[in-house]
Every structure is written in C-alpha cells, then in structure tokens.
Amino acid sequence: MRKDRFVCGVGKTNVDMLYGGMPRVPLEGEEIYAGSFSLQLGGGYPATLINLGRLGVPARVQTFLGADMFSSFARDQYVLCGVEPMNLYDGDSIPVNLTSAVITPRDRAFISYTDPFPITDAILEAVYTSSLGADVVLIDEQFLPIYPDLKKRGSILVYDTGWRDDMSEESMKSVLKLTDWYIPNAREAMKVTGASTPQEAACRLRRYLDVPVVKLDKDGCMLISSGREILIPACPDIRCIDSTGAGDAFLAGFVYGLYHKAKPEICAAYGNITGARCVTGMGCLTEWVHEQELLKAVEALKNGMRNLG
C-alpha cells in the first residue's frame, strides 16, 4: 500500500454564526435574544475533509481565504483542527461564505453572503496539480475539466451537493456520468430523477452509477449493490440538537470506507455513524467520532442491515 495516500477536495470555507435556543425566527421589526451563540467553521467539503483528518485519513483542503477578519478566523480554526489548507485566493474581497443560522426546536433558517470571484485557469491548474495521486477526490462542478484525467489516473471521484432549485437529471448529466459515487439525500435524489420515492430514485440513478446511494435522514441510508436493495439502519438513541453539517459528516464516514476499500454497505454504515454524531452538537464540527469509536459502532449496525422489497 502506498505511503503517500490522501483524499482531497476544493470548496469555499464556510464561517457560521449560530444562534441557538431560539423559540422561533423573528418577524420583520422584531428582536429576539438567542439562548446561545457560537462562531464556527461551517459545512461543505472543507468540513468533510476535517472530519476525515480526525479519523486518521490524510486530507488536503483546497479553499479560498482572504485578508478579511472572517478568513483570519477560519485560518485559526483550521490550525486548531490540525489542518493546513491550501489557499487558492489572492484578492481584496471576502472569499469565504458567511452564514447566520437561527436554530429553533423545529428547524433552521439561514442568511448567507459571499463575494463572488472567477475560477481562473491558474486556479484550475493549482487544484489539478494538488489533486494528482489522490485516492479519492471530491467533485466540485466549477472544476469539472480537471476530473476526467484524475479519474484516468486512478482517483475515485465522489460527488455531493446541497439542494438547488434547478437540480435535474439533464442539468447534472455530465457530472453523473463522470462520478463514481453520488451521495444525495432522499429529497435531492427524487428532485434530480423525478422519482416519487427514494427507492425509485435509487433505481433510476443506476443509469449512471454502479452502486446508487440515497441518505434517508433519521431512517438511515439505502443503496443498491449487486442487484440487492439494502437498508443500512440509523444509529439508535440519537438526540438531535442541530442537523447542520450532518450530510458533510456522513460523507466523511463514507469516504473513510472508500479509502479503506470497505464494501459499499459498510461505507454507508460508517456514514450513518459519523452523521449521527454530528447532530448531537450545535454546528458542523462540534461533535465527531474517533476512529476506534467508529470501528466499534459499525459492528452494531451490521446486524441491522436488511434487504428492501
């Protein structure tokens, strides 16, 4: 086994201002005091890669940091998480995503801001060069030109994206044909495929993927492997404080499995465990699983796996 193995991905750094203990979202003209406040690194691929690093997987974060106060905060947080990010930005704007999140007992509401900037040929080349030789590469659609060659060189390509109103099979066909693994939640999978159930969506994704995967939130995760529709159960007795970052944490567990060449259903079980731990704290990176905890917890989930249909 190579000694220089690693996982990498490019994405904007998110800085989250989290207002917890809110009875509701305030109306226009109202002021409501939060029960708690926290300033943290937020979700996205950088959060996934930080969680992979916590699991002992060498991870390269390719991101954009400026000279502003929020980028300075993010740099300090990366250091505290044991990560030295590769910075791709050299400008005067705010290149990080800033999000204020209001967290109520029922759900969350967000206000976000970022300064846009172009992805230049120099940035594309820097990300490509930094990704050469990676075991697993996380796909960002803005960088599609670099991925076919990385795939030819042996990198496993993994794609995960948040909800977009314009999601469709047609608009995402190029990335679906390219990726090895697409990791949507049920709502995203049904939106992309036009299906009415997660199972139907997974079946339709077989047009592009050898093993379709669909996250089912509190019900766990399902996948289709070797013709079998398999349900991987959720972790029991999880008290959800904040679901922010759960998908990014799930992706970290799933990629941990890919990195260690685990079977697809075991990768999904790892994802259920890392995602479940994330929701027990406020924010994306407050709570996480250590590697030995993960390996112990997966044994319990193996017994609960079952075929669907």
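You'll find the structure just up there.
Throughout what follows, the structure given in this document is the object of discussion. Residue numbering note: each chain is counted from 1, following its sequence as written. With pLDDT at 70 or above as the cut-off, local features in this predicted model cover only qualifying residues; side-chain atom pairs require 80 or more to be listed or tallied, and sums for whole chains, interfaces and linings still use all residues. Calculated side-chain values reflect all of the structure's heavy atoms, with hydrogen atoms and water omitted.

On to the overall build of the chain, then. The helix and strand tally for the chain stands at ten helices and 14 strands. For the chain, the C-alpha radius of gyration of 19 Å lies close to 19 Å, the compact-globule estimate for 309 residues. Along the three orthogonal principal directions, the C-alpha set of the chain runs to about 55 × 45 × 40 Å. For the chain, the accessible area works out to roughly 14,700 Å², and carbon and sulfur atoms hold 52% of it. Only four residue types enter the tally: Lys and Arg on the positive side, Asp and Glu on the negative side, with His and both chain ends excluded. Where a charge lies is defined by one atom per residue type, namely NZ (Lys), CZ (Arg), CG (Asp) and CD (Glu). The averaged location of the 38 negative side-chain charges in the chain is 8 Å from the averaged location of its 31 positive side-chain charges. Runs of H or I in DSSP of at least four residues are treated as helices and runs of E of at least two as strands, each being numbered from the N terminus. For the radius of gyration, the atom set is restricted to C-alpha positions; the globular benchmark scales as 2.2 Å times the number of residues to the power 0.38. Where accessible areas are quoted, they stem from the Shrake-Rupley method and a 1.4 Å probe; at the residue level, only the protein chains shown are allowed to cover.

What follows concerns the nonpolar core. As used in this record, nonpolar core signifies buried Ala, Val, Leu, Ile, Met, Phe, Trp, Tyr and Cys residues forming a set joined through side-chain atoms within 4.5 Å. For every residue, the accessible area obtained with a 1.4 Å probe (protein chains only) is divided by the maximum for its type, and the residue is called buried under 20%, exposed over 50%, and partly exposed between those limits. With 81 residues, the main nonpolar core has Phe143, Tyr147, Val158, Tyr182 and Phe254 as its most contacted residues. Sorting elements by how many residues they give to this core places helix H8 (residues 246–259) first, with eight residues. Contacts of Phe143, omitting those with residues within four sequence positions, involve Val10, Phe64, Ile119, Ile123, Leu124 and Val127. The next biggest cluster of nonpolar side chains, apart from the first, holds eleven residues, and it includes Ala189, Leu216, Met222 and Leu231. A contact between two residues is defined here by any heavy atoms of the two lying within 4.5 Å.

This part takes up the sheet that holds strand S5 (residues 86–87). Sheet architecture is open: six strands sit in the order S5-S4-S1-S8-S9-S10, paired in parallel fashion. Edge positions in the sheet fall to S5 and strand S10 (181–182), since each has one partner strand and no second. Note: two strands are recorded as paired if DSSP finds a minimum of 2 bridges between them. As defined by bridge partners, strand S1 (residues 7–10) adjoins strand S8 (residues 136–139) across three bridges and the pair is classed as parallel. The partner of Cys8 across the bridge, within S8, is Val137.

So, on to the environment of Tyr19. Summarising the element assignment, Tyr19 is placed in strand S2 (residues 14–20). For Tyr19, a relative accessible area of 31% gives the class partly exposed. Expressed as a C-alpha distance, the spacing of Tyr19 and Pro212, which sit 193 residues apart in the sequence, is 36 Å.

Time to look at the packing of helix H9 (residues 264–278) against helix H10 (residues 291–302). Helix-helix packing is characterised by the crossing angle of the two axes and by the distance between the axes. Where H9 meets H10, the axes come as close as 9 Å, and the angle between the chain directions of the two elements is 115°. As H9 packs across H10, the resulting crossing turns out to be right-handed. Within the contact between the two elements, H9 uses Ile266, Ala269, Tyr270, Asn272, Ile273, Thr274 and Arg277 and H10 uses Glu293, Leu294, Leu295, Ala297, Val298, Leu301 and Lys302. Residue composition of the contact of H9 with H10, grouped by class: nine nonpolar, two polar and three charged. Note on geometry: axes are C-alpha line fits, over the in-contact stretch for helices, and angles between N-to-C directions span 0 to 180 degrees. Take the far helix as your reference; a near helix turned counterclockwise from it by less than a right angle gives a left-handed crossing, and one turned clockwise gives a right-handed crossing. Here the term charged refers only to Asp, Glu, Lys and Arg, the term nonpolar to Ala, Val, Leu, Ile, Met, Phe, Trp, Tyr, Cys and Pro, and the term polar to all other amino acids, Gly among them.

The next point concerns the packing of aromatic side chains. Within 6.5 Å between ring centres, the rings of Phe, Tyr and Trp (the latter by its six-membered ring) count as paired, and their orientation is classed by plane angle as stacked under 30 degrees, edge-to-face over 60, tilted in between. Taken as a whole, this structure holds seven aromatic pairs when the rule is applied. A centroid spacing of 5.2 Å and a plane angle of 90° characterise the contact between Tyr256 and Tyr270, whose relative ring orientation is edge-to-face. Highlighted residues: Tyr256 in helix H8 and Tyr270 in helix H9, separated in sequence by 14 residues. By definition, being over a ring means that NZ of Lys or CZ of Arg is both within 6 Å of the ring centre and within 35 degrees of the ring normal. Lying over the aromatic face of Tyr259, Arg5 brings its terminal NZ or CZ to 4.0 Å of the ring centre. A cation over a ring is seen here: Arg54 above Trp288, with NZ or CZ 3.6 Å from the ring centre.

Now for helix H6 (residues 186–193). Those residues of H6 that sit buried are Ala186, Glu188, Ala189, Val192 and Thr193. The arc that holds every buried residue of H6, seen down its axis, measures 165°, which confines them to one face. Looking at the buried side of H6, the elements it contacts are helix H5 (173–178), S10, helix H7 (198–205) and strand S11 (213–215). Within two residues after H6, Gly194 carries a phi angle of roughly 75°, on the positive side. As used here, the arc is the angular range of directions from the helix axis to the C-beta atoms.

Strand order in this open sheet of four strands is S3-S2-S6-S7, and the pairing throughout is mixed. The sheet terminates laterally at strand S3 (36–41) and strand S7 (108–113), the two strands that pair on one side only. Recorded for the sheet is a direction-independent mean angle of 15° between the axes of neighbouring strands. As paired elements, S2 and S3 share six bridges and run antiparallel to each other. The residue of S3 that forms the bridge with Met17 is Leu39. Where helix H2 (residues 69–80) meets the sheet, it contacts S2, S3 and strand S6 (97–103), and its direction lies at approximately 80° from that of S3.

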